[in-house]
Amino acid sequence: MFKVVFAVTLFLFSCPLQAYQPAVVSAHKKASQIGIEILQKGGNAADSAVAMAFALGVVEPYNSGLGGGGFFLYYNAQTKQFYFLDYREAAPQAVGLIKKGNKRFQEGILSVAVPGFLKGMEEIHKKHGQLSWEELVNPSVQLAEEGIPLRGELKESIADRAPFLKSDPALTHVFLKPHEEGKNTIFQSDLALTLKNIAEKKGDDFYSGPLAKKIAAFSKKEGGILSLSDLQSYHVFWRKPLQFTHGPYEVTSSPIPSSGGAGLSLLFRKAIINHVTDYPPYSPEAYQMLLEGFKDYFDYREAALGDSTYNVVAHTTHLSVMDAEGNMAAMTNTLNSAFGSGIMVPGTGIILNDEMADFSTHPGSPNSLVGGRRPLSSMAPTIVFKNKKPFLIIGTPGGLTIPQNIFQVLYYSWQWKASLDRAILQPKFYYSPYDKKVVAEEKFSPRVLQSLSPEGGVEIKDTIGNVQALVIKNEKLTVPLSDQRGGGKGMTFSPVSCPKPPLQSSQ
Ligand code: GLU
């Protein structure tokens, strides 16, 4: 008898219950490919997310990477718990020595906050990962060595930021020269070496070893304040995520230091208070009421959380993962602006963020600049359950527009009954609190545009956001939805089901 129990137990451990169809989605197909391969070789959603995050740092060097930070939301199917990791960049301690409200924090070397990305990845792997660390980093070493095709978004981002990149010799060498010379591949050999070191030593060198010294010495030479002790003392935090319900939906999203989750929750409440459902879906009146909610959101944000700078760019990246056991990952990473501060640490391939620009310049704001503090974000990696079952993993870039964008996707689907893919496609708009204007995609009808801005002061923008979502239709079907506004890709596979347990006769 003992033997039978032993055999069955062993079998169950080596062949996990395959409760869901595994899937990944991200803003770049090479990253998604790496993420799905990690799942195929037995990694879980946390492993896949970490491997994809490293890969996105290579293939979208303008959106995220080692020099940046982000947020990770995880649902562990076994513990049935949510976990939220904050690896947001933090202000260097020496900010106190520099005049408050100094404009120079908005750009250049003083806009660089202590990078949290690598500590974040290490912590996620340590707490939730299953595969070895090397297995998660090595695919990105290879990507950086092999080179990435100079086309599409990469080419456009380099062209857009050319004047900015020109002032940095290392960035010019890696990205601008090949672009100007009409080459068709970008090689990141320094980054490949840094990633190789990270595959071996995790964050040791980056946060306290030779790499940390190099980063700090470079910052000092350039007139910056990011020091070795800032790197050594940088910490990530597991935080309690923000949760709220709307009908049968339970939404879990970002807590402080992001306004993302609070924003989503508030926008839903405002839609109820403002009786949006009294008006026909997609009608000018309904949109007008949604807009009222958007305005109130910024009043609340400023009063309770502090304002920040006018940041509506979509230079951030989101990825979503579902694994066979039902673990779910939503991760949003950023450098803030495209190519961050526009500064690469020579010889490392590391592009430094400009996250200090997300602090408020108003003295006394809850988001004012203090050493060690994390600037207010809008990023909102989000997981939704419907009737107590996994339903949706979603996120987008877009700075201040993130909560408004995700809210529109959810609202169009839940309240106005659009399918989620239609809801993502549906034209989006946002309210910009600084110039008090509405920015909208051009596909809105003239009547709606008119109603959003009676004085006709609405600005038209090509695209807003780049949503990467996974819809869990049922246990056997997970549908990736990668926003057509970007060049992302979703991938799934059908797991080979486990063979029946071997029958063993007891003796
Ligand atoms: N730094 C911004 C934030 O944390 C993100 C920028 C973006 O989404 O492009 O909210």
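Please refer to the structure higher up on the page.
Keep in mind it's a predicted model, so treat the numbers as computed, not measured.

Calculation criteria
- Residues numbered from 1 in each chain as written.
- Predicted model: local features only at pLDDT ≥ 70, side-chain atom pairs only at ≥ 80, totals over all residues.
- Heavy atoms only, no water.
- Axes fitted to C-alpha atoms, helices over the stretch in contact; angles between N-to-C directions.
- Helix = DSSP H or I, 4+ residues; strand = E, 2+ residues; numbered from the N terminus.
- Parallel < 35°, antiparallel > 145°, perpendicular 65-115°, else oblique.
- Left-handed = near helix turned anticlockwise from the far one by under 90°.
- Contact = heavy atoms within 4.5 Å.
- Nonpolar A, V, L, I, M, F, W, Y, C, P; charged D, E, K, R; others polar.
- Buried < 20%, exposed > 50% of the residue type's maximum accessible area, 1.4 Å probe, protein only.
- Pairing = 2+ DSSP bridges.
- Near = heavy atom within 4 Å.
- Polar contact = N/O pair within 3.5 Å; in protein donor to acceptor, adjacent residues only side chain to side chain.
- Areas by Shrake-Rupley, 256 points an atom, 1.4 Å probe, with all protein chains shown as cover.
- Expected span 1.5 Å × (residues − 1).
- Arc of directions from axis to C-beta.
- Salt bridge = Lys/Arg side-chain N within 4 Å of Asp/Glu carboxyl O.

Participant: It is not clear to me how the packing of helix 3 (residues 45–59) against helix 4 (residues 117–128) should be interpreted in this structure. Could you clarify?
Facilitator: The packing of two helices is summarised by the inter-axis angle and the distance between the axes. Where helix 3 contacts helix 4, the two axes come as close as 9 Å, and the packing angle between them is 160°. Here helix 3 is positioned roughly antiparallel relative to helix 4, judged by the angle of their axes. Helix-helix and strand crossings are classified by hand; for helix 3 and helix 4 the assignment is left-handed. Contacts between helix 3 and helix 4 involve Ala46, Asp47, Val50, Ala53 and Phe54 from the first element and Phe117, Leu118, Met121, Ile124, His125 and His128 from the second. Across the contact of helix 3 with helix 4, the residue classes tally to 8 nonpolar, 2 polar and 1 charged.

Participant: Please explain the pairing of strand 16 (residues 437–441) as it appears in this structure.
Facilitator: The side chains of a regular strand alternate between both faces of the sheet. Burial runs high along strand 16: 4 of the 5 residues are buried. Two strands pair when backbone bridges link them, and strand 15 (residues 429–432) and strand 16 are joined in this way by 4 bridges, in the antiparallel orientation. Looking at strand 16, one finds that serine 432 is bridged to lysine 437. Connecting strand 15 to the antiparallel partner strand 16 that follows it, the hairpin turn spans 4 residues, and lysine 436 within it adopts a positive phi of roughly 50°.

Participant: Help me understand the site of the ligand, please; the structure alone is not making it clear to me.
Facilitator: Lining the immediate surroundings of the ligand are 17 residues, of which Thr316, Glu355, Asp358, Ser377 and Gly399 lie closest. Side-chain polar atom of glutamate 355 to a nitrogen atom of the ligand: 2.7 Å apart, as the coordinates give it. Serine 378 is positioned with one of its backbone polar atoms (N or O) 2.8 Å from an oxygen atom of the ligand. Relative to its unbound accessible surface of 300 Å², the ligand loses 98% to contact with the protein. Of the residues that constitute the shell around the ligand, the class distribution is 5 nonpolar, 9 polar and 3 charged.

Participant: Would you mind going over the sheet that holds strand 8 (residues 249–253) with me for this structure?
Facilitator: Working definition: the strands of a sheet are paired by backbone hydrogen bonds and lie parallel or antiparallel to each other. Spatial ordering of the open sheet is given by 7-8-13-14-18-19, a layout of 6 strands whose pairing is antiparallel. The open sheet has two free edges, formed respectively by strand 7 (242–246) and strand 19 (477–482), since each of these has just one partner strand. Pairwise comparison of adjacent strand axes, ignoring direction, gives a mean angle of 20° for this sheet. As judged from the 4 bridges shared by strand 8 and strand 13 (residues 382–386), these two strands associate in the antiparallel manner.

Participant: So what exactly am I meant to see when it comes to helix 14 (residues 284–305) here?
Facilitator: An α-helix turns once every 3.6 residues. As a result, residues three or four positions apart point the same way. Relative to the 32 Å expected for 22 residues at 1.5 Å per residue, helix 14 spans 31 Å between its end C-alpha atoms, a close match to the ideal helical length. The set of residues buried in helix 14 consists of Pro284, Ala286, Tyr287, Leu290, Leu291, Gly293, Phe294, Tyr297, Phe298, Arg301 and Leu305. The arc that holds every buried residue of helix 14, seen down its axis, measures 165°, which confines them to one face. Opposite the packed face of helix 14, turned more than 90 degrees from it, sit the exposed residues Asp299 and Ala303. Where helix 14 terminates, the next one or two residues include glycine 306, which has phi positive at roughly 100°.

Participant: Explain the sheet that holds strand 17 (residues 459–461) to me, please; I cannot follow it from the model alone.
Facilitator: Taking strand neighbours across the sheet as the criterion, the 3 strands line up as 15-16-17 in an open arrangement whose pairing is mixed. With partners counted over all chains shown, the strands left at the sheet margins are strand 15 and strand 17, one partner each. Neighbouring strand axes in the sheet, compared pairwise and without regard to direction, differ in orientation by 25° on average. Pairing of strand 16 with strand 17 involves 3 bridges; the strand directions are parallel. Directly across from alanine 440, in strand 17, lies its bridge partner isoleucine 460. Relative to strand 15, helix 14 is tilted by about 40°, and along the sheet it contacts strand 15 and strand 16.

Participant: Can you help me understand the packing of helix 3 against helix 9 (residues 189–201) in this one?
Facilitator: At a minimum axis distance of 12 Å, the contact between helix 3 and helix 9 shows a crossing angle of 165°. With respect to their mutual orientation, helix 3 and helix 9 come out roughly antiparallel. Relative to helix 9, helix 3 is oriented so that their crossing is right-handed. In contact with Phe54, Gly57 and Val58 of helix 3, helix 9 contributes Leu191, Leu195 and Ile198. Here the contact of helix 3 with helix 9 is built from residues that sort into 5 nonpolar, 1 polar and no charged.

Participant: How should the pattern of salt bridges be read in this particular structure?
Facilitator: Any two side chains of opposite charge can pair, so long as their charged atoms come close to each other. Scanning the entire structure with this criterion turns up 18 salt bridges. Between lysine 295 and glutamate 292 there is a salt bridge, and its shortest N-O distance comes to 3.7 Å. Of this pair, lysine 295 and glutamate 292 both sit in helix 14, separated by 3 residues, roughly a single helical turn. The exposure class assigned to lysine 295 is partly exposed, which follows from its relative accessible area of 29%. For glutamate 292, a relative accessible area of 33% translates into the label partly exposed.

Participant: I'm lost on the side chain of threonine 332 in this one. Help?
Facilitator: Tracing the backbone shows threonine 332 in strand 10 (residues 328–334). Residue threonine 332 is classed as buried on the basis of its relative accessible area, which comes to 0%. Within the local environment of threonine 332, its side chain forms a polar contact with the side chain of histidine 318, the two groups lying 2.8 Å apart. Residue contacts for threonine 332: discarding those within four places in its chain leaves Gly69, Gly70, Phe71, Tyr87, Thr316, Thr317, His318, Met379, Ala380, Pro381 and Thr396.

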